[in-house]
Amino acid sequence: GRDRHLAGQIQVDLVEHCGSSASEHYANTVSTCDVAFSWWEREAILESGKERTCDALDRARKRMPFAWVHTHTDNDSSFINWHLLGYCKRQGIEFSRSRPYKKNDNSFVEQKNSTHVRAVIGHLRYDTEKELAIINDLYRSELRLDKNFFQPLMKLKEKIRDKGKVHRKYDTPLTPYHRI
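This is a predicted model, so every value here is computed, not measured.

Another point: the overall build of the protein chain. Secondary structure assignment for the protein chain yields six helices and seven strands. Moving toward the C terminus, one meets the helices and strands of the protein chain in the order β-β-β-α-β-α-β-α-α-α-β-β-α. Along the first, second and third principal axes, the C-alpha set of the protein chain runs to 50 × 35 × 30 Å. By the burial criterion, 45% of the 180 residues in the protein chain qualify as buried. Considering only residue pairs separated by 6 or more positions, the protein chain has 60% of its internal contacts joining residues 24 or more positions apart. Accessible surface, the protein chain as shown: approximately 10,400 Å² in total, 52% of it carbon and sulfur.

The structure is reproduced here in structure tokens:
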């Protein structure tokens, strides 16, 4: 396995904002999270095509305070494609993907999707350029600052199984900025 203490190991996921209907075009959030420091960046795009997804990854990558060395995505075919692999190769970034049916392989970004995307943006449908601009303004400014500089979080230090019971030990809560 990889050393989870090294910066630049990024989990990537796509969050759909289609409401109750996946028809036509709608917004998606390209969500990225560094495993070591929990630094989180995201970009909203309309649809999830090759160029838009790669451009969104590029913008998120350039806002991170360190270089990406490895990206890891889930096994969803709507997001994992040859274009993403090509993007990583062109940027000199290692690429891997989760095992089939193992959602916890991408647990860092999945947790952020719940607390940083769904809890803020919700489950409604967004499908206009104006809505996209508002979401990206929030992602690039207030939400980015709040989650990376002001919201402390605890990271799991160790998990011990004892007689069928799991005991977890966490470190001191720190913001991603302070962890760096």
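We now examine the pairing of strand β6 (residues 156–162). Here β6 runs beside strand β7 (residues 165–170); their pairing, made up of six bridges, is antiparallel. In the strand pairing of β7, I160 is matched with H167. The antiparallel hairpin formed by β6 and β7 contains two residues in its connecting segment, where K163 sits at a positive phi of about 55 degrees.

Glancing now at the nonpolar core. In this structure, I10, V30, L57, M64, F66 and W68 are the most contacted members of the largest nonpolar core, which totals 18 residues. If you list the elements that add at least two residues to this core, you get β1 (9–17), α1 (50–63) and α2 (82–91). F108, Y126, L132 and L143 belong to the second-largest nonpolar core, a separate cluster that totals 16 residues.

Relative to the assigned elements, R52 resides in helix α1. Residue classification places R52 among the partly exposed positions, given a relative accessible area of 40%. Between the alpha carbons of R52 and T115 there is a distance of 24 Å; along the sequence they are 63 residues apart. Beyond its immediate sequence surroundings of up to four residues, R52 is in contact with I45, L46 and E47. Polar side-chain contacts of R52 include one of 2.7 Å to the backbone oxygen of L46.

What the five strands build is an open sheet, ordered β3-β2-β1-β4-β5; its pairing is mixed. The open sheet has two edge strands with one neighbour each: β3 (40–46) and β5 (94–97). If you compare each strand with its neighbour and ignore which way they point, the axes differ by 25 degrees on average. Inspection of the sheet shows β1 paired to strand β2 (residues 27–34) by eight bridges, in the antiparallel sense. Residue V15 lies in a different strand from β2, and its bridge partner there is T29. Strand contacts of α1: β1, β2 and β3, with the helix running at about 155 degrees to β3, the strand carrying the most contacts.

Here we take up unusual backbone geometry. One can expect most non-glycine residues to show negative phi and most peptide bonds to be in trans. We note that S38 has phi near 65 degrees; this positive angle belongs to a residue other than glycine. Structurally, S38 can be placed in the loop between β2 and β3. S38 sits in the buried class, given a relative accessible area of 5%. Positive phi values are uncommon outside glycine, yet K163 reaches one of about 55 degrees. If you trace the backbone, K163 turns up in the loop between β6 and β7.

The subject of this paragraph is the side chain of R179. As for its position among the elements, R179 is in helix α6 (residues 176–179). The contact partners of R179, leaving out residues within four places of it in the chain, are F37, L153, M154, K155, D171, T172, P173 and L174.

Scoring rules and cut-offs
Every chain is numbered on its own, with residues counted from 1 as its sequence reads. Only residues with pLDDT of 70 or above have their local features reported here, since the model is predicted, and side-chain atom pairs are shown and tallied only from 80 upward, although totals for entire chains, interfaces and linings are computed over all residues. As a convention, hydrogens and water are excluded, and side-chain values are obtained from all of the structure's heavy atoms. A run of H or I in DSSP becomes a helix once it reaches four residues, and a run of E becomes a strand once it reaches two; helices and strands are each numbered from the N terminus. Accessible area is worked out with a 1.4 Å probe on protein chains only. A residue is then buried under 20% of its type maximum, exposed over 50%, and partly exposed in between. Note on contacts: a residue pair qualifies if any of its non-hydrogen atoms lie within 4.5 Å across the two residues. Where accessible areas are quoted, they stem from the Shrake-Rupley method and a 1.4 Å probe; at the residue level, only the protein chains shown are allowed to cover. A pair of strands counts as paired when DSSP detects no fewer than two bridges linking them. To define a nonpolar core, start from buried Ala, Val, Leu, Ile, Met, Phe, Trp, Tyr and Cys residues and group those joined through side-chain atoms within 4.5 Å. Polar contact criterion, stated in full: a pair of N or O atoms within 3.5 Å, where within protein one must be able to donate a hydrogen and the other to accept it, and residues adjacent in sequence count only if both atoms are side-chain atoms. Geometry is summarised by axes, namely lines fitted to C-alpha atoms with helices restricted to the contacting stretch, and by angles between N-to-C directions that run from 0 to 180 degrees.

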